[in-house]
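Remarks on the overall topology
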Amino acid sequence: MAAKKAEQALVDQWRDILALHARTQCELDRVLHQHGLCASDFEVLDVLAEARAADGDCAYRVQEIAERVHLSQSALSRLIARLERDGLVERGMCPEDRRGVRVGLTPKGRALHGDVLPVQREVLTRMLTA
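Residues numbered from 1 in each chain as written. Predicted model: local features only at pLDDT ≥ 70, side-chain atom pairs only at ≥ 80, totals over all residues. Heavy atoms only, no water.

**Some points on the confidence of the model for the protein**
- On average, residues of the protein score 90 in pLDDT, and 90% of them are at 70 or above.
- Model confidence for the protein, summarised as mean pLDDT per element, is weakest for strand β1 (residues 59-61) at 84 and strongest for helix α5 (residues 107-128) at 97. (pLDDT = per-residue confidence, 0-100. Helix = DSSP H or I, 4+ residues; strand = E, 2+ residues; numbered from the N terminus.)

So, in structure tokens, the structure goes:
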């Protein structure tokens, strides 16, 4: 009986985590939509803005972005293509590996990220510090 209760407590905890994630994701999407972004768009912009690649460049390889965001490779490629069409990121060849692609913020992307960063952080604070 105790094992069953412990198992149910784990399941309940897992479902609480999923519910919190879903509520936070929906609120991020709602608020960021006013800026022409969704939560996944912002995550990619945030990753590109927060740190330099291992070689000190201001751009990441697509694989490095994929390690930091929770999207499939194909979803990430579509998202990057959309951000590029919107003038927020630019893609270029990797100098060390001509098969690789680097993605970096454009000045427009850096400015939008700076404008939206406090909005996104406010939502995280409100949703996750209750």
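Okay, back to it.
**Focus on the packing of helix α1 (residues 2-33) against α5**
- Contact geometry of α1 with α5 gives a least axis separation of 10 Å together with a crossing angle of 150°. It follows from the interaxial angle that α1 and α5 lie roughly antiparallel. For the crossing formed where α1 meets α5, the hand is right-handed. For the pair formed by α1 and α5, the contact residues are L20, R23, T24, E27, L28, V31 and L32 on the first element and V116, V119, Q120, V123, L124, R126, M127 and L128 on the second.
- Split into classes, the residues belonging to the contact of α1 with α5 amount to 10 nonpolar, 2 polar and 3 charged. (Axes fitted to C-alpha atoms, helices over the stretch in contact; angles between N-to-C directions. Parallel < 35°, antiparallel > 145°, perpendicular 65-115°, else oblique. Left-handed = near helix turned anticlockwise from the far one by under 90°. Contact = heavy atoms within 4.5 Å. Nonpolar A, V, L, I, M, F, W, Y, C, P; charged D, E, K, R; others polar.)

**Digging into the packing of α1 against helix α2 (residues 39-50)**
- Where α1 contacts α2, the two axes come as close as 8 Å, and the packing angle between them is 85°. Accordingly, the angle class assigned to the pair α1 and α2 is roughly perpendicular. Residue-level contacts link Q25, L28, D29 and L32 of α1 to A39, S40 and F42 of α2.
- In terms of residue class, the contact of α1 with α2 is built from 4 nonpolar, 2 polar and 1 charged.

**A closer look at the side chain of E64**
- Tracing the backbone shows E64 in helix α3 (residues 62-68).
- With no salt bridge to any partner, buried E64 finds its closest opposite charge in R102, at an N-O distance of 4.2 Å. (Buried < 20%, exposed > 50% of the residue type's maximum accessible area, 1.4 Å probe, protein only. Lys, Arg positive; Asp, Glu negative; His and termini not counted. Salt bridge = Lys/Arg side-chain N within 4 Å of Asp/Glu carboxyl O.)

**Examining the side chain of T24**
- Examined against the element boundaries, T24 turns out to sit in helix α1.
- The exposure class assigned to T24 is buried, which follows from its relative accessible area of 7%.

**A look at the environment of M93**
- Inspection of the secondary structure assignment puts M93 in strand β2 (residues 89-93).
- Measuring from C-alpha to C-alpha, the distance between M93 and L76 comes to 17 Å, with 17 residues separating the pair along the chain.

**Overview of the pairing of strand β3 (residues 101-105)**
- With 4 of 5 residues buried, β3 is to be regarded as a mostly interior element.
- Judged from the 3 bridges that link them, β1 and β3 form a sheet pairing that is antiparallel. Bridge pairing in β3 links A59 to G104.
- Relative to β3, β2 runs antiparallel, the two being bridged by 5 bridges. Residue R91 lies in a different strand from β3, and its bridge partner there is V103. (Pairing = 2+ DSSP bridges.)

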